Amino acid sequence: MTRRELLQSAGFALAAAHLEGAPAPATDSTYDWIRSTRILIAEAYNPPFYPSLDYNAEKAVRIARELNADSMRYPAASYFAYFPTKSGYPVHPELKGDPMRETLDLCRKAGLKTVAYVPLNHPFMDVTANDPRYAGWSKRFANGKPMTTEHYGYAEYFEGCLNSPVRDMIKALVREVLAYPFDVMYFDGPYEGMQNAKNYCHCQYCEAAYRAKFGKPVPNQEEKVSREDEIRYTNWMANDVAIAFLREIRETIRQTRDVPVLFNDTSLLSRREWRSRAVPVVDGFMFEAAETPEEKLFNMQLGQSTGKVTWTYVGTHTQYNREHLKDDKVRGWFSYPVESEELLLDGATAQAASVGLVYWGLSRFFYQPQGPLAYDSGKYVKEIFDFQQKHDALLRAVSSRPQAGILVGGQTIDWYTGKHFVGKAYLNAARGAYQMLKANAFEPEPFLDWQMSAEKLARYQMIYAANAVCLSDAQCGMLADYVRDGGKLLATHLTSVADEYGRVRKNFGLAEVFGAEFTGAEPVEIPDLYLKLASGEEIPQDPQVFRFRATGGQVLAETIDRGRRANLGAAIVKRSYGKGEVIYIGSSLEAVYEETRMKRLRSFLGGLVSPWLTPGRSYEIEYRSGVMPHFMASENVLLLHLLADTGDKNKHLRTREEFLPVMEIKSRVRVPGGRSVRAVSLLRSGERLPKTVRDGWLDVTVPRVFIHEAVRVDLV
Ligand SMILES: [Zn+2]
């Protein structure tokens, strides 16, 4: 045993680090701080950093303070570096002195924490730069042509390859940035291309590395690539190259100056993004934006289900829809304070989920003649940050208490290629399940299939497998064990039809659990279908039906083709399995709910799971269109958030939205056994409410919700 091991085994790890002269690790408080942040981003892919460098550290820090941010994110680099680097990264031609150092000094004086933004192979090599190194760093097509991409509408860039010497240059850049006293290192990437991210790289380094490992060249996508070759290349580029690179950087930081490391994993639910499964390597990640607040809350909970710190942008609504522009890479305005109450809803949604806030960004106020609070959006940012600061202890203490786990098919997104599969609408199933459960006041939590484990499943009273097509034999086994041990499973449509790489099975992987066998591996699409229930009632059925034969259990509904007076057979089957119960629905009814919000589907699906979930529910709420509940709790506080997305948005995506208040929302909160209520109040208005408890339930009528309110119940 070495001296170091001896000290560590005796619990003296810190002393050991000290003896060896290692710099002190980040304090626990930094690791704690990242869970609830108020970060102002200085974005450098646009003014005031690029193309012209107008940045001024003093002005930036003043804006951060006026907005009540508690920290700033400084861009060490974007298309250029914004500090005097010797790494070889191109430096902005207008750079004078060291604005990074100056920013860090001013932030420290102002009591602000600092986050370094470091791009990991985010495209930066301007094709017009005439830099001779770029040819050796570029990602290449099979014919040798370098791959290029656009980004923000300013220029075209070569895409870099992580197997080329650009990798060492980026590592040098990271080491230089780490030598500055940043509190947190945040990485954008690792990227392996942008517009050509899904094109295989044929550069000399990739060809050599691939041949060394597999004894054959990189598969040529211009020809037919077998599924086995696709799996081999994809896993190699994702795990051996991109994620291994992030892991290497994480370990370097741990050994040099240990600070929290987060990265951009907005691609978590995108198809075959190389870094999407890098979450376990880091302390946390950014899940940037979403098109709707409902989608955002879903994403934030999915992020938190990983057990990692989750950050999100507030302010992404400022993206212009650019509908009449020919080139949609030209994005409109980066440096103007776009006014909108959507910012308030964006902030409230993030706060309901208790994630870290990152406002994007500084550029909105940098060029304005007055301070940020002279503009609506500046006032809104401050309002969001003030709320976060005021309730900091509470927001950090509470967490989600899900009854149902929604199995989200990351593997299906990556690999399934069925003829009737519409990738861009695939998440309508998981999101529909989420909305349906929320609308029935059953608290859900989405989680990722590739993170499934027996422990994770055991968190939930039921699992909703919403068209989880691609599941491995081992995952099917975990779900079967979960039910056998008393769990409840609702599975829909093509769940378990294929293995984790999309290779279609001869029958459901969960055939025995469902008590069903499919009659063909593709669904059928027929208009005007209905579910005929045992009562005789006919309710709308998904027009895309997956046909099966029931081999056990009770058929709850059959599919009726009204136009042809035909009965297509079993549509829903329910059975006991071991100590648990299973319902299988041979269609994606939850996707139809997401697409229609039909009242009868809401009550029907709610009724199916009600016997499983009603006894253990934490709250009830009358359904009000646009109002979404979100329940959180700590040991002594119950917190029922109400998000009111009741705006005037029309069919044009990202047009501005204005909101209306919702009045008199009736809800009930269950008081846990053995506890009593000390106080009931509203988090925003501050109003005190009566605390009368009847039969273990507290009745609460919330008089008014404009965008957000939360019922706070303090327990004794
Ligand atoms: Zn390459």
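Residues numbered from 1 in each chain as written. Predicted model: local features only at pLDDT ≥ 70, side-chain atom pairs only at ≥ 80, totals over all residues. Heavy atoms only, no water.

A. Spotlight on the overall build of the chain. The helix and strand inventory of the chain stands at 21 helices and 34 strands. Here the chain has a C-alpha radius of gyration of 27 Å; the compact-globule value for 716 residues is 27 Å, and the two agree. Judged by the C-alpha coordinates and their principal axes, the chain covers about 80 × 70 × 70 Å. Carbon and sulfur atoms make up 49% of the accessible area of the chain, which amounts to about 28,500 Å² in all. (Helix = DSSP H or I, 4+ residues; strand = E, 2+ residues; numbered from the N terminus. Rg over C-alpha atoms; globule rule 2.2 N^0.38 Å. Areas by Shrake-Rupley, 256 points an atom, 1.4 Å probe, with all protein chains shown as cover.)

B. Spotlight on the side chain of Asn121. As for its placement among the helices and strands, Asn121 is situated in the loop between strand E3 (113–119) and strand E4 (125–126). With relative accessibility at 2%, the residue Asn121 sits in the buried group. A polar contact is formed between the side chain of Asn121 and the backbone oxygen of Gly160, at a distance of 3.0 Å. A distance of 2.8 Å separates a polar atom in the side chain of Asn121 from the backbone oxygen of Tyr191. Excluding residues within four positions of it along the chain, Asn121 makes contact with Gly160, Cys161, Leu162, Val166, Ile170, Tyr191 and Glu192. (Buried < 20%, exposed > 50% of the residue type's maximum accessible area, 1.4 Å probe, protein only. Polar contact = N/O pair within 3.5 Å; in protein donor to acceptor, adjacent residues only side chain to side chain. Contact = heavy atoms within 4.5 Å.)

C. Structural context of the sheet that holds strand E6 (residues 156–158). Taken in spatial order, the 3 strands line up as E4-E6-E5 in an open sheet, and their pairing is antiparallel. Looking at strand neighbours, the two that pair on one side only are E4 and strand E5 (148–150), the edges of this open sheet. Examined bridge by bridge, E4 and E6 share 2 bridges and lie antiparallel to one another. From the neighbouring strand, Asp126 faces E6, where its bridge partner is Tyr157. (Pairing = 2+ DSSP bridges.)

D. Inspection of helix H16 (residues 427–439) at higher detail. End to end, H16 covers 18 Å across 13 residues, agreeing with the expected 18 Å (1.5 Å per residue, within 8%). A large share of H16 lies buried, amounting to 13 of its 13 residues. Looking one or two residues past H16, Ala441 carries a phi angle of roughly 60°, positive in sign. (Expected span 1.5 Å × (residues − 1).)

E. Broad picture of unusual backbone geometry. Pro48 follows Pro47 through a cis peptide bond whose omega is 10°. Summarising the element assignment, Pro48 is placed in the loop between strand E1 (38–41) and helix H4 (57–66). Here Tyr50 and Pro51 are connected by a cis peptide whose omega angle stands at 0°. On the secondary structure map, Pro51 appears in the loop between E1 and H4. Despite not being glycine, Arg597 shows a phi value in the positive range, around 55°. Counting through the fold element by element, Arg597 comes out in the loop between helix H20 (589–596) and helix H21 (599–613). By relative accessible area, Arg597 is classed as partly exposed at 32%. Look at Ile707: it is not a glycine, yet its phi comes out positive at around 70°. With respect to the helices and strands, Ile707 occurs in the loop between strand E33 (697–705) and strand E34 (708–715).

F. Up close: the packing of H16 against H20. Running from N to C, H16 and H20 point in directions that differ by 75°, and their axes come no closer than 7 Å. Relative to H20, H16 is oriented roughly perpendicular. Together, Asn428, Ala429, Arg431, Gly432, Ala433, Gln435, Met436 and Ala439 of H16 and Glu590, Ala591, Tyr593, Glu594 and Glu595 of H20 make up the contact between the two elements. Of the residues in the contact of H16 with H20, the class split is 6 nonpolar, 3 polar and 4 charged. (Axes fitted to C-alpha atoms, helices over the stretch in contact; angles between N-to-C directions. Parallel < 35°, antiparallel > 145°, perpendicular 65-115°, else oblique. Nonpolar A, V, L, I, M, F, W, Y, C, P; charged D, E, K, R; others polar.)

G. Spatial organisation of the packing of aromatic side chains. For the structure on display, the rule yields 42 aromatic pairs. Measuring from ring centre to ring centre gives 6.4 Å for Phe124 and Trp137, while their planes differ by 50°; the resulting arrangement is tilted. Taken together, the residues Phe124 in the loop between E3 and E4 and Trp137 in helix H6 (residues 134–137) connect sequence positions 13 residues apart. Exposure class is identical for Phe124 and Trp137. Each is buried. Residues Phe421 and Tyr426 carry aromatic rings whose centres are separated by 5.4 Å and whose planes lie at 50° to one another, so their mutual orientation is tilted. Here Phe421 falls in the partly exposed class, since its relative accessible area comes to 21%. Since its relative accessible area comes to 7%, Tyr426 is described here as buried. Put simply, the rings of Tyr45, Tyr50, Tyr79, Phe80, Tyr117, Tyr152, Tyr154, Tyr157, Tyr186, Trp311 and Phe334 touch in pairs and so form one group of aromatic residues. Sitting over the face of the ring of Trp33, Lys113 holds its NZ or CZ atom 5.8 Å from the ring centroid. Here Arg684 stacks its cationic end above the ring of Phe387, 4.0 Å away from the centre of that ring. (Phe/Tyr/Trp six-rings, centres within 6.5 Å; stacked < 30°, edge-to-face > 60°. Lys NZ or Arg CZ within 6 Å of the ring centre and 35° of its normal.)

H. Summary view of the nonpolar core. Met185, Phe187, Trp311 and Tyr464 are the most contacted members of the largest nonpolar core, which has 164 residues in total. Here this core takes 11 residues from helix H9 (residues 227–256), the largest share from any one element. Ranked by size, the runner-up nonpolar core spans 36 residues in total, among them Tyr460, Ile463, Cys476 and Leu489. (Core = buried A, V, L, I, M, F, W, Y, C linked by side-chain atoms within 4.5 Å.)

I. Main features of the coordination of the zinc ion. Only Cys161 (SG), Cys201 (SG), Cys203 (SG) and Cys206 (SG) from the protein coordinate the zinc ion, and they sit 2.2 to 2.3 Å from it. Coordination at the zinc ion is tetrahedral, judged from the 4 donor atoms that bind it and the angles of 96 to 115° they form at the metal. Binding-site remark: the zinc ion is held by donors from one chain whose sequence spacing is C-x39-C-x1-C-x2-C. Separated by 42 residues along the polypeptide, Cys161 in the loop between E6 and helix H7 (166–178) and Cys203 in the loop between strand E7 (184–188) and helix H8 (204–214) bring together distant segments of the chain. By relative accessible area, Cys161 is classed as buried at 0%. (Donors = N, O, S within 2.8 Å, 3.2 Å for Na, K, Ca; no water. Tetrahedral: all angles 85-135°; square planar, octahedral: opposite > 155°, others 65-115°.)

J. Broad picture of H21. Over its 15 residues, H21 runs 20 Å from end to end, which matches the ideal 21 Å to within 8%, given 1.5 Å per residue. Within H21, the axis deviates most sharply at Gly607, by approximately 35°, and proline Pro611 lies no more than four positions further along. Those residues of H21 lying buried are Leu601, Arg602, Phe604, Leu605, Gly606, Leu608, Val609, Trp612 and Leu613. (Bend = angle between axes of the 7 residues up to and from the residue.)

K. How the structure looks around the pattern of salt bridges. Under the defined criterion, the tally for this structure stands at 37 salt bridges. Linking Asp32 and Arg35 is a salt bridge whose minimum nitrogen-to-oxygen distance equals 3.0 Å. Connected via shared salt-bridge partners are Arg167, Asp168, Lys171 and Glu248. (Salt bridge = Lys/Arg side-chain N within 4 Å of Asp/Glu carboxyl O.)

L. Quick peek at the side chain of Asp229. Among the structural elements, Asp229 can be located in helix H9. Residue Asp229 is classed as buried on the basis of its relative accessible area, which comes to 17%. Polar side-chain contacts of Asp229 include one of 2.7 Å to the side chain of Arg232. For Asp229, the contacting residues outside a window of four places in its chain are Tyr210, Lys216 and Pro219.

M. Molecular detail of the packing of H16 against H21. Two numbers describe how H16 lies on H21: the axes approach to 9 Å, and their chain directions differ by 70°. With respect to each other, H16 and H21 are oriented roughly perpendicular. Residues Met436, Leu437 and Ala439 of H16 form the contact with H21, whose own contacting residues are Arg602, Leu605, Gly606, Val609 and Leu613. When grouped by side-chain class, the residues that make up the contact of H16 with H21 number 6 nonpolar, 1 polar and 1 charged.

N. Region of the structure containing the pairing of strand E29 (residues 662–670). Bridging between strand E26 (residues 619–621) and E29 involves 3 bridges; their strand directions are antiparallel. Paired with Ile621 across the bridge in E29 is Ser667. When E29 meets E33, the two strands line up antiparallel, connected through 8 bridges. Looking at the pairing, Ser667 lines up with Val700 of E33.

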